Amino acid sequence: MSTVTVRPITTRQDEATFIRFPWKIYTNMPAWVPPLLMDRKKLIDRKKNPFYKHAEAEFFLAERDGEIVGRIGAILNHNHNKEHNERIGFFGFFESVDDQQVANALFDAARAFLAPFNITALRGPANPSVNDEYGMLIDGYDVPPMVLMPYNPPYYNRLVEAYGFRKEKDLYAYLLNQDEVYTDRLERAAQVVRERYNIVFRSLNMKKLNDEVALIKEVYNSAWQHNWGEVPMTDEEMDAMAADLKAVVVPDLVIIAEYQGNPIGFGLTLPDINMALKYNKKGFLLPGIWHLLTKKKNINACRIIALGVKPEYLKTGAGGVLFYETARRAKRLGYHFGEASWILEDNDAMNKSAVAMKGTITKKYRIYQMNV
């Protein structure tokens, strides 16, 4: 058997090879949605992506007989370890041919890079963090991923588990159907919350975007702070995310919940632009924009990316109303389907809310971990 060599990317050509490698794996998989090359470059740009101001990272390519056969990223997220008082290293951007030798060599390289930092465990995939694409698909391979969700072949789980990784946490994606969401009970409950607590649910104000982003950041970092694995976003990270999403955001689907004029929760939902980008086979920006413009009317689904309420207001029921209000507005805008993703398997409040709206789990993702 030929030797597999793994090397860090050091040149622009290496970077381009790293970014384009998934096309070798997925070209003949109909459910895969080609990402925009520009977006993939941003994710691994250690000079411009603000994530790397508080993280160490190295990206590797695996080669055998002159052919690239895999890739991986090794990541040390200082903010994660500070927030959770852990010494965890992460792997991400994992792609490999169906060969255990290749996968083992890639994971060995990630562990070797992280070893000097005295980590106690390796967790992933994180591309590159919990605030980006997160988790490995374990169920739902026949369904294309929604916007900003990962996708992978079924054999990846076998490669990961054969190396020694075990389940750390599962993440659920619920499919919501406008034909089934609404019930009299749900509508009455939403009305009770509005009247009892006088909570206002308003749309994002694009004319005051900078101020709105600041409000959302404050709510996000408060509402998610006790969730497993969550890491507060820095101002620069939140600004960068807002800049990236500005072109595709629908203001009526970004809902801010306010109590006595103060923000207590929010929901962020995006049109599933993957329904258009799946036709952008090579991942280039200009054809991608053309597909988005010409196929916009065919996008009938959206994804609830983030939805949460500050801890001290959880008992008001505002979270459930955010779900309901999102569905109501999505219907008015022509989105027949929605995906609530991802939700932690043990986040009882959010799982109950999704079930209350007749949501069904159509995809599952897994975070793996192994002690080192």
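Quick summary incoming for the structure in this document. (Residues numbered from 1 in each chain as written. Predicted model: local features only at pLDDT ≥ 70, side-chain atom pairs only at ≥ 80, totals over all residues. Heavy atoms only, no water.)

**Quick notes on the overall build of the protein**
Right, on to step 1. Along the protein, the regular secondary structure elements total 13 helices and 15 strands.
Right, on to step 2. Here the C-alpha radius of gyration of the protein, 21 Å, is about what a compact globule of 372 residues would show, namely 21 Å.
Right, on to step 3. By residue count, 55% of the 372 residues in the protein fall in the buried class.
Right, on to step 4. Sequence-distant contacts in the protein: of pairs separated by 6 or more residues, those separated by 24 or more amount to 76%.
Right, on to step 5. When the accessible surface of the protein is totalled, it reaches about 17,400 Å², and 51% of it is carbon and sulfur.
Right, on to step 6. Taking the average location of the 48 positive side-chain charges in the protein and that of its 45 negative ones, the two points are 4 Å from each other. (Helix = DSSP H or I, 4+ residues; strand = E, 2+ residues; numbered from the N terminus. Rg over C-alpha atoms; globule rule 2.2 N^0.38 Å. Buried < 20%, exposed > 50% of the residue type's maximum accessible area, 1.4 Å probe, protein only. Contact = heavy atoms within 4.5 Å. Areas by Shrake-Rupley, 256 points an atom, 1.4 Å probe, with all protein chains shown as cover. Lys, Arg positive; Asp, Glu negative; His and termini not counted. Charge placed at Lys NZ, Arg CZ, Asp CG, Glu CD.)

**Looking at helix H12 (residues 318–332)**
Right, on to step 1. A rise of 1.5 Å per residue sets the reference length of H12, with its 15 residues, at 21 Å; its end C-alpha atoms lie 21 Å apart and thus fit the reference within 8%.
Right, on to step 2. Among the 15 residues of H12, eleven are classified as buried, and the element is accordingly described as predominantly covered.
Right, on to step 3. Within the sequence span of H12, burial applies to Ala318, Gly319, Val321, Leu322, Phe323, Tyr324, Glu325, Thr326, Ala327, Arg329 and Ala330.
Right, on to step 4. Downstream of H12 by one or two residues, Gly334 has phi in the positive range, about 95°. (Expected span 1.5 Å × (residues − 1).)

**Comments concerning the pattern of salt bridges**
Right, on to step 1. Counted according to the given criterion, the structure contains 23 salt bridges.
Right, on to step 2. When the shortest N-O distance is used, the salt bridge between Glu67 and Lys24 registers 2.0 Å. You can see Glu67 sitting in strand E3 (residues 67–77) and its partner Lys24 sitting in helix H2 (residues 22–26), a full 43 residues away along the chain.
Right, on to step 3. Its salt-bridge partner being Arg329, residue Glu325 comes within 2.9 Å of it at the nearest N-O pair. Here Glu325 and its partner Arg329 are both found in helix H12, four residues apart, which amounts to about one turn of the helix.
Right, on to step 4. A relative accessible area of 2% means that Glu325 is categorised as buried. (Salt bridge = Lys/Arg side-chain N within 4 Å of Asp/Glu carboxyl O.)

**Observations concerning unusual backbone geometry**
Right, on to step 1. Of note, the amide linkage connecting Asn127 to Pro128 takes the cis form, showing an omega dihedral of 0°.
Right, on to step 2. Within the element layout of this structure, Pro128 appears in the loop between strand E6 (126–127) and strand E7 (133–134).
Right, on to step 3. Looking along the chain, the bond that leaves Ser341 and enters Trp342 is cis, with omega of -10°.
Right, on to step 4. Inspection of the secondary structure assignment puts Trp342 in strand E14 (residues 337–344).
Right, on to step 5. In this structure, Phe93 takes a positive phi of about 55° despite not being glycine.
Right, on to step 6. Counting through the fold element by element, Phe93 comes out in strand E4 (residues 88–96).
Right, on to step 7. Residue class for Phe93 comes out buried when judged on its relative accessible area of 6%.

**Structural notes on the packing of aromatic side chains**
Right, on to step 1. In total, this model carries 24 aromatic pairs according to the counting rule given.
Right, on to step 2. Ring centres 5.1 Å apart and planes at 80° place the aromatic pair Phe91 and Phe107 in the edge-to-face group. Here Phe91, found in strand E4, pairs with Phe107, found in helix H5 (residues 100–114); they are 16 residues apart in sequence, far enough to count as distant.
Right, on to step 3. Relative accessible area serves as the criterion here: at 0%, Phe91 is assigned to the buried category.
Right, on to step 4. For Arg71, the ring lying beneath its charged end belongs to Phe18, and the centroid distance is 4.6 Å.
Right, on to step 5. Sitting above the plane of the Tyr279 ring, Lys295 keeps its charged end 5.0 Å from the centroid. (Phe/Tyr/Trp six-rings, centres within 6.5 Å; stacked < 30°, edge-to-face > 60°. Lys NZ or Arg CZ within 6 Å of the ring centre and 35° of its normal.)

**Description of the packing of helix H8 (residues 209–223) against helix H9 (residues 235–245)**
To characterise two packed helices, one gives the angle between the axes of the helices and the distance between these axes.
Right, on to step 1. In contact at an axis separation of 10 Å, H8 and H9 are set at 120° when each is read in the N-to-C sense. In this view, H8 runs oblique relative to H9, as classed from their interaxial angle. Read as a crossing pair, H8 and H9 show a hand that is right-handed. Taking contact as the criterion, the partners of Val213, Lys217 and Tyr220 in H8 are, on H9, Asp235, Met238, Asp239 and Ala242.
Right, on to step 2. Per-class residue counts for the contact of H8 with H9 are four nonpolar, no polar and three charged. (Axes fitted to C-alpha atoms, helices over the stretch in contact; angles between N-to-C directions. Parallel < 35°, antiparallel > 145°, perpendicular 65-115°, else oblique. Left-handed = near helix turned anticlockwise from the far one by under 90°. Nonpolar A, V, L, I, M, F, W, Y, C, P; charged D, E, K, R; others polar.)

**Details of the environment of Asn81**
Right, on to step 1. Looking at the element boundaries, Asn81 is found in helix H4 (residues 78–84).
Right, on to step 2. Classification of Asn81 by relative accessible area gives buried; the value is 14%.
Right, on to step 3. In this structure, Asn81 is in contact with Leu76, Glu86, Arg87 and Ile88, ignoring residues within four places of it in sequence.
Right, on to step 4. Side-chain polar atoms of Asn81 contact the backbone nitrogen of Ile88, separated by 2.9 Å. (Polar contact = N/O pair within 3.5 Å; in protein donor to acceptor, adjacent residues only side chain to side chain.)

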